[in-house]
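Breakdown of the fold
Take a look at the letters that make up each chain.
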Amino acid sequence: MAYIPYGRHDINDDDIAAVVRVLKSDFLTQGPAVPQFEQGIADYSGAKYAVAVNSATSALHLAYLSIGVTAGDLVWVPPITFVATANAARYCGADIDFVDVDAETSNMSVEALASKLSEAEAHGRLPKLIVVVHMCGTPCDMERISQLARAYGVAIVEDASHAIGSRYQGKLTGSCEYSDIAVFSFHPVKIMTTAEGGLATTNSLELAEKMRLLRSHGISRDATLMESEAHGDWYYEQIELGYNYRMTELQAALGCSQLERLDEFVEKRHQLVDRYFELLQDVPVQLPPRDPDMYSSYHLFVIGLDENQLGDCRGRIFHELRAAGIGVNVHYMPVYLQPYYRRLGFESGYCPAAETYYKQAISIPLFPGLSESDQDFITATLKKKLS
Ligand SMILES: *Cc1c(COP(=O)(O)O)cnc(C)c1O
């Protein structure tokens, strides 16, 4: 049997034709496709502005910079995330701290956040920015998190890399109802793809303009931003120290084409998740929580192997499933246990709920093209290995 990956892109003939059209056109970069893609995502998510870049990591970096995160500031992130959420704060020279996750949802714990904020205020070191991650595509409790952040005057970024197409209180993630900026990833394992690519949405013109400026070297042709009279029609000024984080036209055209099938992708993931719930009914694993108030995009399907019930078997099960051709994975080791973050002073035991989650979690395959027969094979193999 062929190897089943844990995630996989879905590319059709329309996607291919869209990219080929760009290859035959006048612009491979800095043409009409990027603004079209940005408008498409803004219209879809309901945010006023969208800024497309070459990865979600770049989008996070620009988001933090535009909020004004700089050396000496403090940024709080959850420990259960991809390292980029934290790394982007380090690019800004900021210090990092971690707010433990909720044992049920593996999203940032609102209770842990509340007590950490009141402690931080007492010690006179509040964060400048809190970044939340919608783990596996299931939205965080944004209303309560934003109430807390507002009460302490702290900015919020949503790392929605897993979560395009998800809804909270009926509103699409990316609408920024409860945040300053939301960031999506279009890496091929995510919900929709541009090969590499990322995008930030916001309702603030000021934040959008700052991100646009920094995306392309800090260079502007906008006369209102210039310090000198234009020397001629060629004239531009570099206002700030920016980067080259631009998305190409090829990527944006692929993004526009994929966006048309986004809802279909998420619906297909829901059908497969419903089937997993049925097939795993009698298997002794913990299934992800299903909150009727949230509509997950189901980027990942993470099951828990309860240590108290099954003993320490995650390593063995992982190994045996891989040997059977099933591309399981683990998302994620707590970020502060990475050597780079340990060197900054973090130690085992810092976020107990995150460490318990990490010991027990396995992501099993979930992507729109996963066949029912592969799903049957995955669940049957898991059942056999656990019996
Ligand atoms: C994938 C991912 C990123 C990074 O996305 P890139 O587009 O690969 O830079 C950041 N945060 C989370 C939570 C992710 O899953």
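The structure we're discussing is the one just above.
Being a predicted model, the structure only gives us computed values, none of them experimental. (Residues numbered from 1 in each chain as written. Predicted model: local features only at pLDDT ≥ 70, side-chain atom pairs only at ≥ 80, totals over all residues. Heavy atoms only, no water.)

**Remarks on the overall build of the protein chain**
Counting secondary structure elements, the protein chain contains 14 helices and 14 strands. The C-alpha radius of gyration of the protein chain comes to 22 Å, within 12% of the 21 Å expected for a compact globule of 387 residues. A fraction of 72% describes how many contacts in the protein chain between residues 6 or more apart in sequence connect residues 24 or more apart. Counting every atom, the protein chain has about 17,200 Å² of accessible surface; 49% of that belongs to carbon and sulfur. Both charge centroids of the protein chain, one from 32 positive and one from 50 negative side chains, sit 5 Å from each other. (Helix = DSSP H or I, 4+ residues; strand = E, 2+ residues; numbered from the N terminus. Rg over C-alpha atoms; globule rule 2.2 N^0.38 Å. Contact = heavy atoms within 4.5 Å. Areas by Shrake-Rupley, 256 points an atom, 1.4 Å probe, with all protein chains shown as cover. Lys, Arg positive; Asp, Glu negative; His and termini not counted. Charge placed at Lys NZ, Arg CZ, Asp CG, Glu CD.)

**Quick look at helix α9 (residues 262-279)**
Between its first and last C-alpha, α9 extends 26 Å over 18 residues, near the 26 Å set by a 1.5 Å rise per residue. Residues Leu262, Phe265, Val266, Arg269, His270, Leu272, Val273, Arg275, Tyr276 and Phe277 constitute the buried set of α9. Residues of α9 that are buried in the fold lie against α2 (33-45), α8 (249-259), β12 (294-295), β13 (301-304), β14 (361-364) and α14 (372-386). (Expected span 1.5 Å × (residues − 1). Buried < 20%, exposed > 50% of the residue type's maximum accessible area, 1.4 Å probe, protein only.)

**Looking at the pairing of β13**
The two faces of β13 match: Phe301 and Ile303 on one face and Val302 and Gly304 on the other face are all buried. Bridge analysis of β13 against β14 gives four bridges, and the strand direction is antiparallel. If you follow Val302 over to β14, its bridge partner there is Ser363. (Pairing = 2+ DSSP bridges.)

**Details of the packing of aromatic side chains**
How two aromatic rings sit relative to each other is set out by the distance from centre to centre and by the angle between their planes. In total, this model carries 13 aromatic pairs according to the counting rule given. Their ring planes at 85° and their centres at 6.0 Å tell us that Phe98 and Tyr341 sit as a pair that is edge-to-face. Placement of Phe98 in strand β3 (residues 95-98) and of Tyr341 in helix α12 (residues 339-342) is noted, with a sequence separation of 243 residues between them. Across the pair, Tyr341 and Phe98 agree in class, each one buried. An angle of 65° between the planes, with centres 5.4 Å apart, marks the rings of Phe346 and Tyr350 as edge-to-face. For Tyr350, a relative accessible area of 36% puts it in the partly exposed group. By the ring-pair criterion, three or more aromatic residues cluster together here, those being Phe98, Tyr336, Tyr340, Tyr341, Phe346 and Tyr350. For the cation-ring pair, Lys116 lies above Trp76, with the distance from its terminal atom to the ring centre recorded as 5.3 Å. Across the ring face of Phe277, the terminal group of Arg290 is positioned such that the distance to the ring centre comes to 3.7 Å. (Phe/Tyr/Trp six-rings, centres within 6.5 Å; stacked < 30°, edge-to-face > 60°. Lys NZ or Arg CZ within 6 Å of the ring centre and 35° of its normal.)

**A word on the nonpolar core**
With 51 residues, the main nonpolar core has Tyr64, Val75, Phe98, Leu129, Val157, Ile181 and Val183 as its most contacted residues. In this view, Ile181 contacts Ala63, Ser66, Ile67, Ile156, Val157, Glu158, Cys176, Ala200, Thr201, Thr202, Leu207 and Met211; residues no more than four positions away in its chain are not counted. One finds Phe277, Phe301, Val328 and Ile364 within the second-largest nonpolar core, a separate group that totals 26 residues. (Core = buried A, V, L, I, M, F, W, Y, C linked by side-chain atoms within 4.5 Å.)

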